[in-house]
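Now for the letters of each chain:
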Amino acid sequence: PPRLTGAMRAKLKEGGSFDVHRHVAMRSQALAQARRAQGRGRGESFSWTRFAGELAGKPDAEHTDARKKHARLMQVVADMLGGEISSEELHGAAKMIYETLTAPGKSQVEKRAEITHELGHLEQDMLKEASQISSFLFEWSKKYGRAEEEEEVRDIA
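Parameters at a glance
- Residues numbered from 1 in each chain as written.
- Predicted model: local features only at pLDDT ≥ 70, side-chain atom pairs only at ≥ 80, totals over all residues.
- Heavy atoms only, no water.
- Core = buried A, V, L, I, M, F, W, Y, C linked by side-chain atoms within 4.5 Å.
- Buried < 20%, exposed > 50% of the residue type's maximum accessible area, 1.4 Å probe, protein only.
- Helix = DSSP H or I, 4+ residues; strand = E, 2+ residues; numbered from the N terminus.
- Phe/Tyr/Trp six-rings, centres within 6.5 Å; stacked < 30°, edge-to-face > 60°.
- Lys NZ or Arg CZ within 6 Å of the ring centre and 35° of its normal.

K.L.:
Residue-level account of the nonpolar core, with values.
P.N.:
One finds Val77, Ile97, Ile115 and Leu119 to be the most contacted residues of the largest nonpolar core, which totals 31 residues. For this core, the secondary-structure elements that each account for two or more residues are α3 (48–52), α4 (61–80), α5 (87–101), α6 (108–119) and α7 (124–143).

In structure tokens:
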């Protein structure tokens, strides 16, 4: 969610008026959505080290590319949430988005609806990029045996 002071400055520079009560309500709603997203991801870390496990430090090009894609996914999720969120909220939302986008048996429409329900309105381009990156990371994790470990963890939780 954007900071109120930044939103106020931007609006006043444009020569318009600023409805403080409306923007406080919008920010409160955005923060509540981000908290729900964190709860959905169970607050677990979605760091590269946790995601990749023992493969995290491999220096070859394929692992480096996967690490860069993971970092880009985190950036896309931060942009989806407005950029001003805690690390726990970011990791929870990223994990929820990754799990939702890679879940079998759901259509893209169902996945989008689920993510939108948790996070609020999303730009189509950001969601498309997150979907492409998640697919890449899922295929990478399957190739190196990480997907099976992720499924075991999901089944236990």
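Now that the structure is up, let's keep going.
K.L.:
Could you give an account of the packing of aromatic side chains, with specific residues and numbers?
P.N.:
In this structure the tally under the stated criterion is seven aromatic pairs. Ring geometry for Trp48 versus Phe51: centroids 6.1 Å apart, planes at 40°, classification tilted. With Trp48 and Phe51 both in helix α3 and three residues apart, this pair spans about one turn of that helix. Residue classification places Trp48 among the buried residues on the basis of a relative accessible area of 10%. Seen from their ring centres, Phe51 and Trp140 are 6.2 Å apart, and the 20° between their planes marks the pair as stacked. With Phe51 in helix α3 and Trp140 in helix α7, the pair connects residues that are 89 residues apart, well separated along the chain. The two residues Phe51 and Trp140 agree in class, both being buried. Cluster of aromatic residues (ring-pair linked, three or more members): Phe46, Trp48, Phe51, Tyr98, Trp140 and Tyr144. Directly above the aromatic system of Phe136 lies the positively charged group of Lys69, at a separation of 5.2 Å from the ring centroid.

Interpretation in functional terms is not warranted from these geometric data alone.
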